Amino acid sequence: MNTLLRRFLVVGLTLFVLAAWQMALHVPESSGEERITTEKEYRAKVVGMQTTSESGYATSHEDGSITGNFNGQDLTGNWTWEGEYYCRTVMLGDRDLGYDCQVVTVSGDKVTFIRNKGEGKRASYRIEGPAEKQITSEKEFRAKVVGKKLITERGAIKIHKDGNMTGTLGNREVSGEWTWEEGYWCRSIALDDRQFPDDCQMVTILGDELTFYRKKGYGDGFVYQIEGSK
């Protein structure tokens with residue numbers, strides 16, 4: 001093989017490899033995936049939605065925080081939008097996953113994050129719909145919950161602005177007191193003469209549904225409908 005032909009083949013092979021590499025880094029139009037390139041579009045299509053996979057779920061919140069759970073470990077972190085990339089810093093349990101800026105694409109009800117500005121691994125999730133939003137401040141809790149009737153199949157309760165609680169559950173009279181402590185609703189409650197252990201609970205809201213999760217979110221959840229909130 002002469003030198004000119006060999007050089008031609010080497011150059012041709014190099015161009016082919018580069019083209020294949022570039023195609024791997026960018027989403028092909030035929031894939032049906034549409035790249036999100038602005039924060040406005042990301043907020044409209046992904047923020048506030050619960051995204052799920054076989055191993056767990058996550059949500060990017062309006063305030064820039066990230067919450068979720070994968071393989072039984074809590075996911076926490078923060079996100080920003082920089083240029084055309086979604087950038088996040090997250091912890092999975094005690095493991096720091098670090099800072100990374102990613103390409104984001106959507107296709108139907110699927111969102112895909114491609115690490116290292118599109119050069120790394122892909123992770124796809126199903127967009128399930130609006131996620132529960134955790135109430136994290138007493139001011140927000142008072143605005144959205146306090147003074148409203150909270151209804152369940154077993155009855156109804158009302159959380160009063162003076163720190164008291166009243167209502168009826170299972171034909172038994174509810175009485176108790178509440179405070180707000182470091183992002184959690186803490187209550188002391190009795191049904192008739194039966195006193196329950198004091199507990200601090202995580203509170204979330206989705207539409208007109210309010211959920212109280214015992215043991216700061218690690219226990220059972222109890223759902224109430226906020227009367228007249230629609």
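Just so you know, these numbers come straight off a predicted model, no measurement behind them.

Caption draft 1: Looking closely at the side chain of Ser 65. Checked against the element boundaries, Ser 65 lands in strand β4 (residues 65-70). Overall, Ser 65 belongs to the buried group, its relative accessible area being 18%. Only 2.7 Å separates the side chain of Ser 65 from the side chain of Asp 63, close enough to count as a polar contact. Contact partners of Ser 65, with chain neighbours within four places excluded, come to Thr 59, Ser 60, Gly 77, Asn 78 and Trp 79.

Caption draft 2: The arrangement of the environment of Arg 214 in detail. Summarising the element assignment, Arg 214 is placed in the loop between β18 (209-213) and β19 (221-226). Take Arg 214: its relative accessible area is 33%, and that puts it in the partly exposed class. In this structure, the C-alpha to C-alpha distance between Arg 214 and Gln 201, residues 13 residues apart in sequence, is 4.7 Å. Not counting residues up to four positions away in its chain, the partners in contact with Arg 214 are Asp 199, Cys 200, Gln 201, Gly 219, Asp 220 and Phe 222.

Caption draft 3: Expanded view of the packing of aromatic side chains. All told, the structure shown has 12 aromatic pairs when counted by the stated rule. An aromatic cluster of at least three residues, connected via ring pairs, comprises Tyr 42, Phe 70, Trp 79, Trp 81, Tyr 86, Phe 113 and Tyr 125.

Caption draft 4: Representation of unusual backbone geometry within the structure. Its identity is not glycine, yet Lys 117 carries a phi of approximately 55°, on the positive side. With respect to the secondary-structure elements, Lys 117 resides in helix α3 (residues 115-118). Residue classification places Lys 117 among the partly exposed positions, given a relative accessible area of 47%. You will see that Lys 216, though not glycine, has its phi angle at about 55°, which is positive. Among the structural elements, Lys 216 can be located in the loop between β18 and β19. On the basis of relative accessibility, which here comes to 40%, the residue Lys 216 falls in the partly exposed class.

Caption draft 5: Structural context of the pattern of salt bridges. Under the criterion given, the structure shown has 10 salt bridges. In this structure, Arg 142 engages Glu 138 in a salt bridge whose closest nitrogen and oxygen atoms are separated by 3.0 Å. Separated by 4 residues within a single helix, Arg 142 and Glu 138 lie in helix α4 (residues 138-144), roughly one turn from each other. The class of Arg 142 is partly exposed, set by a relative accessible area of 33%. By sharing partners, the salt bridges in this structure join Glu 34, Glu 41 and Lys 45 into a single network.

Caption draft 6: Representation of the state of the cysteines in the model. Applying the stated criterion to the full structure yields 2 disulfides. Each disulfide pairs two cysteine sulfurs, and for Cys 87 the partner residue is Cys 101, the sulfurs being separated by 2.0 Å. One disulfide, between Cys 87 and Cys 101, carries an S-S torsion of 105° and so falls in the right-handed class. Highlighted residues: Cys 87 in strand β6 (residues 85-92) and Cys 101 in strand β7 (residues 95-107), separated in sequence by 14 residues. Cys 101 matches Cys 87 in its accessibility class, with the two residues each being buried. Within the protein, bonded cysteines paired by disulfides and numbered along the sequence follow the pattern 1-2, 3-4.

Rules of the game
- Residues numbered from 1 in each chain as written.
- Predicted model: local features only at pLDDT ≥ 70, side-chain atom pairs only at ≥ 80, totals over all residues.
- Heavy atoms only, no water.
- Helix = DSSP H or I, 4+ residues; strand = E, 2+ residues; numbered from the N terminus.
- Buried < 20%, exposed > 50% of the residue type's maximum accessible area, 1.4 Å probe, protein only.
- Polar contact = N/O pair within 3.5 Å; in protein donor to acceptor, adjacent residues only side chain to side chain.
- Contact = heavy atoms within 4.5 Å.
- Phe/Tyr/Trp six-rings, centres within 6.5 Å; stacked < 30°, edge-to-face > 60°.
- Salt bridge = Lys/Arg side-chain N within 4 Å of Asp/Glu carboxyl O.
- Disulfide = S-S within 2.5 Å.

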